[in-house]
Amino acid sequence: MRVVICIKPVIDNYSTQALQLNKKGYAVNPYDQLVLKQLLEIKKKQNFELIGLCMGSMKCQDMLFRLLAGGVDSIILLSDMAFAGADTYATTEVLSKALIRIGNVDYIFCGAKAIDGETGQVPYELAHRLNIPVINNVSNIMSMDGDGLQLERQLDDLVQEEIIASPAVIIGKHFTTEEFTVSLLSLKRAKNKKMIIWNHERLELLPENCGIAGSKTKVKKAREINRFRKGEIMKGELNLVSQEMLKIIKG
Amino acid sequence: MMDKVKICVICLDDRPWNLQMISKAISFGTNVTVSAILLRSDDKEHIDYHRYGVSEIHVVNISDSLEQFALTGIITNLNDLLKPDLYMFPASDQGRDFAAEAAVCLKCGLVADCIDINYENEFIFVRTTNSDSVLAEIVCCNGSSAMCTVKKNIFEILPQQIETDTARIHYSSCDNRNFLQGRQILRQYRNTDINEASLSEARIIFGIGRGCSDKIKIDKLRKLAGYIGAEIAGTRAVVDDGIINYDRQVGQSGVRIAPDIYIAFGISGAAQHVVGIDKTKTIIAVNRDKEAPIFRFADYAVIADCEEVIDSLINEVERGGI
Ligand SMILES: Cc1cc2nc3c(=O)[nH]c(=O)nc-3n(C[C@H](O)[C@H](O)[C@H](O)COP(=O)(O)OP(=O)(O)OC[C@H]3O[C@@H](n4cnc5c(N)ncnc54)[C@H](O)[C@@H]3O)c2cc1C
């Protein structure tokens, strides 16, 4: 059985400060991270091939080696200047070509959304490009063997356990900010594992169909939403500060 | 202001949501023609959309039991017929799926989760990204139509306009592709764990973060909350640590609150938390790190150890009452 997990690298910025990446640069999108964690959990018990598929800059390699060390069998990094600035349309153009190139993929896993762009559209567009079913709101992956994939979906307050035949795109529901720990030894070994890098030529894609050029949306303007308040410092003895606080509370 | 513009609103089961989208589409003015496409098994409840200004209704019969079907055939036909400048979908799970299918099949750009749409020679879509911390304006290009999914309860439903029953209604059916084959539901049950904390009515809320999450501090804070009549809520971090229930998590992936007073104890002020307290009248932050981002989002900053502050507050309340 061959399983691909799509991994979006997210960079350290205002919204991802949470991940405390200040020095590391790139991290796995927390929604993808949870799916990955669940897959690696099952991989301990059941045998299948797990491929990580990531479109991003060459600088993502450190992050990706950690995934190899954590138990992912191989990584395909789709990296090309021509891929930069892609919207969901151009992203799925590249990802779908890569998935066809990989071939014989039973299940494609994706996180619910990325914490930067937050569109949540990529997995659906991917499924429609590949013309295969898509299963969303997957809260847990229970097993993966010859009988197919067994998973748990959470639809509002309804929990549903299902068996899904292949092929299908599977979309997670939740996220985690917890990175899995990898030992130094496994990290060393991972450096010997293969990181495959594909560019547009390798995927027989025209540059004009990728990245910004191949996108069908354009950001005209973007600005940070200002939520700042006056932040008046309450100084003085603690008992006086407390009295002041209680006054504010009483209104 | 604009040339003739055609808008197609894709309507699913949620009537208010459908009418919100229709109302927004109509609000672009007299030069717009709005068609509603009802993707439903039962259309009775929805067939009066012309009263809200829709000029054509297309009912596409789909079988209820299918979560998914191939929209492709329908959408290509309707697209040839209507040639809309804009497609609007609800940003529900199903709406997202249909929008993706339409975008792939018609090779159009799609903007997700819009919170506003403007028109200046082209449609300009407004959405937030990066945990609601960035507001972006996006346009569609290199496609015959623009496409968007629209968030719920953003647009107002305009009152009914037309008193006649003269909308043209067309019926068609969908080439169902049964994706349910090879799919089997083993078990279904209601998750009874979900209980709703009453944070929406609270006037005062104490938010606890990792800096205020050991047992001694929590016990003291609960005591103080009892005195003052405050509800307890907190960050994702303390939910992960099992200190409070998920229904009390405030922020992007939790609830959004709007009390009169919010006091953040030992909370760093991550963007994902801050979006949830935005509507609070007065925010006081207690943190011992004077550089903590939370201070920038607060009205009042108390740079101190939260346990000492809680002790002092309890002391003052016990002394003077509140
Ligand atoms: C996709 C996604 C969604 C998320 N959704 C949410 C959400 O909905 N809600 C949410 O809250 N978070 C959410 N998060 C997590 C968020 O990014 C932060 O990690 C989290 O809010 C941090 O919680 P915290 O402030 O309690 O902990 P920390 O960031 O660890 O902060 C602890 C603070 O306590 C202070 N402190 C320590 N000791 C003391 C003391 N004795 N006295 C006073 N101060 C002290 C420290 O100075 C520090 O500022 C989300 C993250 C992601 C990636």
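Below is a summary of the structure that appears in this document.

**Examining the nonpolar core**
Turning to step 1, where the next piece is worked out: Grouped together as the largest cluster of nonpolar side chains are 37 residues, with contacts concentrated most on Leu39, Leu50, Leu64, Leu67, Tyr107, Phe109 and Ile170 of chain A.
Turning to step 2, where the next piece is worked out: Ranked by the residues each element gives to this core, the list is headed by helix α2 (residues 61-70) of chain A, at 6 residues.
Turning to step 3, where the next piece is worked out: Other than its neighbours up to four places away in sequence, isoleucine 170 of chain A contacts Tyr107, Ile108, Phe109, Cys110, Ile135, Val138, Leu149, Leu151 and Ile164 of chain A.
Turning to step 4, where the next piece is worked out: If you look at the next biggest cluster of nonpolar residues, it comprises 36 residues, including Trp17, Leu19, Phe28 and Val111 of chain B.

**Observations concerning the sheet that holds strand β3 (residues 56-61) of chain B**
Residue and element names in this part refer to chain B.
Turning to step 1, where the next piece is worked out: In space, the 7 strands of this open sheet follow the order β5-β9-β4-β1-β2-β3-β10, with parallel pairing throughout. This sheet does not close on itself; its edge strands, each paired only once, are β5 (109-114) and β10 (168-173). If you compare each strand with its neighbour and ignore which way they point, the axes differ by 20° on average.
Turning to step 2, where the next piece is worked out: Relative to strand β9 (residues 146-150), strand β4 (residues 86-90) is paired through 5 bridges, and the arrangement is parallel. Within β9, the residue paired with leucine 86 across the bridge is alanine 146.
Turning to step 3, where the next piece is worked out: With respect to the sheet, helix α1 (residues 15-26) is in contact with β1 (5-11), β2 (32-40), β4 and β9, its orientation differing from that of β1 by roughly 175°.

**Some thoughts on the pattern of salt bridges**
Two side chains of opposite charge can pair, provided their charged atoms sit close to one another.
Turning to step 1, where the next piece is worked out: Using the criterion set out here, one finds 33 salt bridges over all chains in the structure.
Turning to step 2, where the next piece is worked out: Note that lysine 217 of chain B is salt-bridged to aspartate 214 of chain B, the shortest N-O span being 2.8 Å.
Turning to step 3, where the next piece is worked out: Under the relative-accessibility criterion, aspartate 214 of chain B is labelled partly exposed at 34%.
Turning to step 4, where the next piece is worked out: Lysine 290 of chain B serves as the salt-bridge partner of glutamate 291 of chain B, at 3.7 Å between the closest nitrogen and oxygen. Lysine 290 of chain B carries the same exposure label as glutamate 291 of chain B, and that label is exposed.
Turning to step 5, where the next piece is worked out: Linked through salt bridges whose partners overlap, the residues forming this network are Glu93, Lys97 and Arg129 of chain A.

**What to know about the side chain of serine 186 of chain A**
Residue and element names in this part refer to chain A.
Turning to step 1, where the next piece is worked out: Mapped onto the elements, serine 186 comes out in helix α5 (residues 184-190).
Turning to step 2, where the next piece is worked out: Given the relative accessible area of 18%, serine 186 is considered buried.
Turning to step 3, where the next piece is worked out: One polar contact links serine 186 to serine 183, side chain to side chain, over a distance of 2.9 Å.

**Focus: α2 of chain A**
Turning to step 1, where the next piece is worked out: Looking at α2 of chain A, one finds that the buried residues are Met63, Leu64, Phe65, Leu67, Leu68 and Ala69 of chain A.
Turning to step 2, where the next piece is worked out: Positioned one or two residues after α2 of chain A, glycine 71 of chain A has a phi angle of 125°, which is positive.

**As for unusual backbone geometry**
Turning to step 1, where the next piece is worked out: In this model, serine 166 of chain A is joined to proline 167 of chain A through a cis peptide bond whose omega is 0°.
Turning to step 2, where the next piece is worked out: Considering the arrangement of structural elements, one finds proline 167 of chain A in the loop between β9 (158-164) and β10 (168-172).
Turning to step 3, where the next piece is worked out: Positive phi is not limited to glycine here, since lysine 107 of chain B has a value of about 55°.
Turning to step 4, where the next piece is worked out: Relative to the elements of secondary structure, lysine 107 of chain B occurs in the loop between α3 (93-106) and β5.
Turning to step 5, where the next piece is worked out: Although it is not a glycine, asparagine 142 of chain B sits at a positive phi angle of roughly 55°.
Turning to step 6, where the next piece is worked out: Secondary-structure assignment places asparagine 142 of chain B in the loop between β8 (134-140) and β9.

**What about the pairing of strand β7 (residues 134-145) of chain A?**
Residue and element names in this part refer to chain A.
Turning to step 1, where the next piece is worked out: Of all 12 residues in β7, 9 are buried; the element is thus mostly enclosed.
Turning to step 2, where the next piece is worked out: As paired elements, β7 and strand β8 (residues 148-155) share 6 bridges and run antiparallel to each other. For methionine 144, the partnering residue across the bridge sits in β8 and is leucine 149.
Turning to step 3, where the next piece is worked out: Counting the residues that bridge the hairpin from β7 to β8 gives 2 residues.

**Quick notes on the sheet that holds strand β7 (residues 123-129) of chain B**
Turning to step 1, where the next piece is worked out: With antiparallel pairing, the 4 strands of this open sheet are ordered in space as β12(A)-β8(B)-β7(B)-β6(B). Edge strands, defined here as strands with exactly one partner in the open sheet, are β12 (217-224) of chain A together with β6 (116-119) of chain B. Pairwise comparison of adjacent strand axes, ignoring direction, gives a mean angle of 25° for this sheet.
Turning to step 2, where the next piece is worked out: Bridge count for β12 of chain A against β8 of chain B is 7 bridges, and the pairing is antiparallel. Across the sheet, arginine 223 of chain A pairs through a bridge with leucine 135 of chain B, a residue of β8 of chain B.

**Section: the packing of aromatic side chains**
All names here are of chain B.
Turning to step 1, where the next piece is worked out: In this structure the tally under the stated criterion is 7 aromatic pairs over all chains.
Turning to step 2, where the next piece is worked out: Here the aromatic rings of tyrosine 119 and phenylalanine 123 are separated by 4.8 Å at their centres, their planes lie at 70°, and the arrangement is edge-to-face. Summarising the burial analysis for this pair, tyrosine 119 and phenylalanine 123 share the class buried.
Turning to step 3, where the next piece is worked out: Here the aromatic cluster, defined as three or more aromatic residues joined through ring pairs, consists of Phe28, Tyr119, Phe123 and Phe125.

**Focus on the side chain of glutamate 152 of chain A**
Turning to step 1, where the next piece is worked out: Residue position: glutamate 152 of chain A is located in strand β8.
Turning to step 2, where the next piece is worked out: Not counting chain neighbours up to four residues away, the residues in contact with glutamate 152 of chain A comprise Asn137, Val138, Ser139, Asn140, Met142, Val159, Gln160 and Glu161 of chain A together with Tyr189 of chain B.

**Considerations on the interface of chain A and chain B**
Turning to step 1, where the next piece is worked out: Taken together, the 68 residues of chain A in the interface contact 87 residues of chain B.
Turning to step 2, where the next piece is worked out: Summed over both partners, the interface of chain A with chain B comes to about 7,100 Å²; 54% of that surface belongs to carbon and sulfur atoms.
Turning to step 3, where the next piece is worked out: It is Arg227, Arg229 and Ile249 of chain A in chain A that bury the most area against chain B; as a group they hold 12% of the surface buried on that side.
Turning to step 4, where the next piece is worked out: Remark: the boundary between chain A and chain B carries 6 salt bridges.
Turning to step 5, where the next piece is worked out: A salt bridge links glutamate 161 of chain A to arginine 187 of chain B; its shortest N-O distance comes to 2.9 Å.

**Some points on the environment of isoleucine 169 of chain B**
Residue and element names in this part refer to chain B.
Turning to step 1, where the next piece is worked out: Its location among the elements puts isoleucine 169 in strand β10.
Turning to step 2, where the next piece is worked out: For isoleucine 169, a relative accessible area of 35% gives the class partly exposed.
Turning to step 3, where the next piece is worked out: Note: C-alpha distance between isoleucine 169 and isoleucine 37 (132 residues apart in sequence) is 9.9 Å.
Turning to step 4, where the next piece is worked out: What isoleucine 169 contacts, discounting residues up to four positions off in sequence, is Ile47, Ile57 and Val59.

The rules behind each value
Residues numbered from 1 in each chain as written. Chains lettered and ligands numbered in written order. Predicted model: local features only at pLDDT ≥ 70, side-chain atom pairs only at ≥ 80, totals over all residues. Heavy atoms only, no water. Core = buried A, V, L, I, M, F, W, Y, C linked by side-chain atoms within 4.5 Å. Buried < 20%, exposed > 50% of the residue type's maximum accessible area, 1.4 Å probe, protein only. Helix = DSSP H or I, 4+ residues; strand = E, 2+ residues; numbered from the N terminus. Contact = heavy atoms within 4.5 Å. Pairing = 2+ DSSP bridges. Axes fitted to C-alpha atoms, helices over the stretch in contact; angles between N-to-C directions. Salt bridge = Lys/Arg side-chain N within 4 Å of Asp/Glu carboxyl O. Polar contact = N/O pair within 3.5 Å; in protein donor to acceptor, adjacent residues only side chain to side chain. Phe/Tyr/Trp six-rings, centres within 6.5 Å; stacked < 30°, edge-to-face > 60°. Buried area = accessible area lost by both parts, 1.4 Å probe.

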